[in-house]
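Fold and contact review
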Amino acid sequence: MSESHSPAAARLVVGVSGSLGSLTALSRAADEARYRGAELWPVLAWEPPGGDLAARRSPAAAVLVEDWERLARERLLKALREVFGGLGSGLPGQALIARGGPGPALVRIADREGDVIVVGAGRRGRLCRALWPSVGRYCLAHAACPVLAVPPSPLQAALETAHRRNVLRLPLDTGRLKREFDAVPPGA
């Protein structure tokens, strides 16, 4: 006699850091989960300041682990509130915090058949790629499941331009900004 096991529900495992790119990825993952009838698993990966090796060497780090974990949980909850207006997305699944680097944590969690990893595509440019390792590239290279890399919001470039002009104390061309914001499709 053979046993029939119901297949595990498909999951969209999305990396969340609180950045604008990760919030865009979380929103896209929620839309994709609704479309596929899948579970949504937002994951915020955290590491102790200086990395795990430095934390193992310091006796004070053991005392601070609970605080670092609490701060990571608060950052994840804040990101969920920003995207969904509350803690619930209206989708099945669960929010997780994982200790470790974001890429390895996402690959470790997305271990079921039917899982999809969703990450923000991140910043573009040689300098950014050289200074900050790409979570998306790590997941593409190591994941056994599909990886969906979500491009940055069109508003992110306008926001970064406005921030740069503000830092340099240059006048802001509000007419140009208004035209750029009006050109963005609703929901982007």
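Each value, and the rule that gives it
Every residue gets a number counted from 1 within its own chain, in the order that chain's sequence is written. Residue-level local features of this predicted model are given only where pLDDT is at least 70; pairs of side-chain atoms are given and counted only at 80 or more, and the full residue set underlies all totals for whole chains, interfaces and linings. The side-chain quantities take in all heavy atoms of the structure and omit both hydrogens and water. For the purposes of this entry, the term helix denotes a DSSP run of H or I that reaches at least four residues, the term strand denotes a run of E that reaches at least two, and both are numbered from the N terminus. Expected span, for any helix, means 1.5 Å times one less than how many residues it has. Type-normalised accessible area, obtained with a 1.4 Å probe on protein chains alone, sets the label of each residue: buried when under 20%, exposed when over 50%, and partly exposed for intermediate values. The arc in question is the one traced by the directions running from the helix axis out to the C-beta atoms. Between the rings of Phe, Tyr and Trp (Trp by its six-membered ring), a pair exists once the centres lie within 6.5 Å; its type follows the angle of the planes, with under 30 degrees stacked, over 60 edge-to-face, and the other angles tilted. Counted as over-ring charges are cases with an Arg CZ or a Lys NZ within 6 Å of the ring centre that also lie within 35 degrees of the ring normal. Strand pairing is assigned whenever DSSP detects at least two bridges linking the two strands. Geometry is summarised by axes, namely lines fitted to C-alpha atoms with helices restricted to the contacting stretch, and by angles between N-to-C directions that run from 0 to 180 degrees. Contacts were defined at the residue level, with two residues in contact if any of their heavy atoms lie within 4.5 Å.

We now examine helix α7 (residues 154-167). Taking 1.5 Å as the rise per residue, α7 with 14 residues should run 20 Å; its terminal C-alpha atoms sit 21 Å apart, in good agreement. Within the sequence span of α7, burial applies to Gln156, Ala158 and Ala162. Mapping the buried residues of α7 onto a view down its axis gives an arc of 165°, with all of them on the same face. Those residues of α7 that are exposed and aimed more than 90 degrees away from the buried face are His163 and Val167. Just past α7, the residue Arg169 takes up positive phi, approximately 60°.

Moving on: the packing of aromatic side chains. All chains considered together, the criterion is met by 0 aromatic pairs. Above the ring of Trp41, the side-chain terminus of Arg11 is found at 4.4 Å from the ring centroid.

What follows concerns the sheet that holds strand β4 (residues 116-120). Ordered in space as β3-β2-β1-β4-β5, the 5 strands form an open sheet in which the pairing is parallel. The open sheet has two free edges, formed respectively by β3 (96-99) and β5 (147-150), since each of these has just one partner strand. Here the average twist between neighbouring strands, direction ignored, is 25°. Sheet topology places strand β2 (residues 39-46) next to β3; 4 bridges connect them, and they run parallel. Counterpart to Val43 in the pairing with β3 is Leu96. Packed on one face of the sheet, helix α1 (residues 20-36) meets β1 (11-15), β2, β4 and β5 and runs near 175° to β1. The sheet strands contacting helix α6 (residues 135-142) are β4 and β5, and the helix crosses β4 at an angle near 155°.

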